[in-house]
Amino acid sequence: MPEPPSGRRLSPPRLLANLLTFEAGWLACVLGGSLVGGAVAAALLAAHLRWQARPGEWRWLLGFILLGLAVDGGLTRVGGFDFGDSRLALGLLPAWLWLLWPLFATLLHHSLAWLWSRPRLAVLGGAVGGPLSYYAGAKLAEVSLAPWLLPAQAVIWAGLCLWLCRRLGGHPSPGQ
């Protein structure tokens with residue numbers, strides 16, 4: 001596992017806490033909707049930044065907020081998602097879906113750090129895990145998905161994970 005820039009390894013309990021925190025946030029967003037998900041995600045992101053984040057990691061969270069808006073917002077605009085009569089943030093997607101992106105970013109330098117030096121595994125994980133997460137979330141949140149959306153998500157998440165391997169794969173630097 002790549003070490004943080006301070007040179008200290010993250011303890012297994014902290015890595016597990018990072019993963020479980022993400023899962024709790026995912027469930028709160030998907031099951032609780034934008035109001036509950038927003039409150040829980042805000043608390044979890046603040047706690048992450050306060051107690052676990054590396055210096056400059058806030059930039060990754062912000063970047064993934066923008067990336068989520070571009071990716072899922074774009075997919076919504078072309079008919080990939082049907083949220084029914086849900087209220088959409090910026091007219092593009094529900095806040096609960098948007099918040100999953102910075103929650104995912106909390107894993108990059110912690111629970112998933114080991115993955116970025118293994119590009120084939122990361123690409124496979126993205127191609128399978130990304131669409132499965134969307135499929136499960138859509139079922140739980142009663143969101144309709146276009147037939148082409150999950151294959152598109154497989155390509156998007158495989159590409160994103162490959163990019164993360166190139167950016168984070170064993171060459172950590174401050175602010176990553």
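For the structure itself, look to the data block above.
Starting from 1, residues in each chain are numbered consecutively following that chain's sequence as written. A pLDDT threshold of at least 70 governs which residues receive local features in this predicted model, and a stricter bar of 80 or more applies before side-chain atom pairs are shown or counted, although totals over entire chains, interfaces and linings include all residues. Note: side-chain values were computed over all heavy atoms of the structure, leaving out hydrogens and water.

Taking 1.5 Å per residue, 20 residues should reach 28 Å; helix H5 (residues 149-168) reaches 27 Å between its end C-alpha atoms and fits that length. Accessibility here uses a 1.4 Å probe with only protein chains present; expressed as a share of the type maximum, an area under 20% marks a residue as buried, one over 50% as exposed, and anything in between as partly exposed. Strands here are runs of E lasting at least two residues and helices are runs of H or I lasting at least four, both read from the DSSP assignment and numbered beginning at the N terminus. Buried within H5 we find Leu149, Ala152, Gln153, Ala154, Trp157, Ala158, Leu160, Cys161, Leu164, Cys165 and Leu168. Looking at the buried positions of H5, the neighbouring elements they touch are helix H2 (58-77), strand S1 (81-82), helix H3 (95-105), helix H4 (119-141) and strand S2 (144-145). To estimate how far a helix should reach, multiply one less than its number of residues by 1.5 Å. The criterion used for residue contact is that any of the two residues' heavy atoms lie within 4.5 Å.

Turning to unusual backbone geometry, a few remarks are in order. Leave glycine aside and you will find that most residues have negative phi; peptide bonds, for their part, are mostly trans. If you check the backbone angles, leucine 90 has positive phi at about 55 degrees while not being a glycine. Among the secondary structure elements, leucine 90 is positioned in the loop between S1 and H3. The class for leucine 90 is exposed, based on a relative accessible area of 63%. Look at glutamate 142: it is not a glycine, yet its phi comes out positive at around 55 degrees. With respect to the secondary-structure elements, glutamate 142 resides in the loop between H4 and S2. Owing to a relative accessible area of 73%, glutamate 142 belongs among the exposed residues under this scheme.

Time to look at the nonpolar core. Each nonpolar core is a collection of buried residues, namely Ala, Val, Leu, Ile, Met, Phe, Trp, Tyr and Cys, held together in the definition by side-chain atoms within 4.5 Å. In terms of nonpolar packing, the biggest core is built from 42 residues, with Phe64, Phe104, Leu108, Trp116 and Leu164 touching the most fellow members. Elements with a contribution of two residues or more to this core: helix H1 (12-51), H2, H3, H4 and H5. Among the elements that make up this core, the one with the highest residue count is H3 (eight residues). Apart from the residues within four sequence positions on either side, phenylalanine 64 is in contact with Trp101, Pro102, Phe104, Ala105, Leu108, Leu160 and Leu164.

Its location among the elements puts arginine 87 in the loop between S1 and H3. Between the alpha carbons of arginine 87 and leucine 69 there is a distance of 15 Å; along the sequence they are 18 residues apart.

Points on a 1 Å grid, built from protein atoms alone, make a cavity when a 1.4 Å probe fits but cannot get out and make a pocket when they are open with protein on both sides within 12 Å along at least 5 of 7 lines; residues with an atom within 4 Å of a point are the lining residues. Grid points are joined across faces, edges and corners, and a volume is the space filled by probe spheres set on the points. Taken as a whole, the largest pocket encloses approximately 580 Å³ of empty space. In terms of lining residues, the largest pocket is bounded by 29 residues, among which Phe22, Phe104, Gly129, Gly130 and Ser133 are the most central. Per element, the largest residue contribution to the lining of the largest pocket is ten residues, and it comes from H4. By the convention adopted, Pro, Cys, Tyr, Trp, Phe, Met, Ile, Leu, Val and Ala count as nonpolar, Lys, Arg, Asp and Glu as charged, and the other residues, Gly among them, as polar. Residues belonging to the lining of the largest pocket are distributed by class as follows: 21 nonpolar, six polar and two charged. A volume near 180 Å³ is recorded for the second largest pocket. Around the second largest pocket, the lining is made up of 13 residues, and of these Ala17, Asn18, Thr21, His48 and Gln52 lie nearest the centre.

With that out of the way, let us pick up the packing of aromatic side chains. Here a pair means two rings of Phe, Tyr or Trp (six-membered ring of Trp) with centres within 6.5 Å. Their orientation is stacked below 30 degrees between planes, edge-to-face above 60, and tilted elsewhere. Using the criterion set out here, one finds eight aromatic pairs in the structure. Where phenylalanine 104 meets tryptophan 157, the ring centres are 5.1 Å apart and the plane angle is 85 degrees; that geometry is what we call edge-to-face. With phenylalanine 104 in helix H3 and tryptophan 157 in helix H5, this residue pair connects regions lying 53 residues apart in the sequence. Take phenylalanine 104 and tryptophan 157: they sit in the same class, and that class is buried. An aromatic cluster of at least three residues, connected via ring pairs, comprises Trp60, Phe64, Trp101, Phe104, Trp157 and Trp163.

In short, geometric facts, not functional conclusions.
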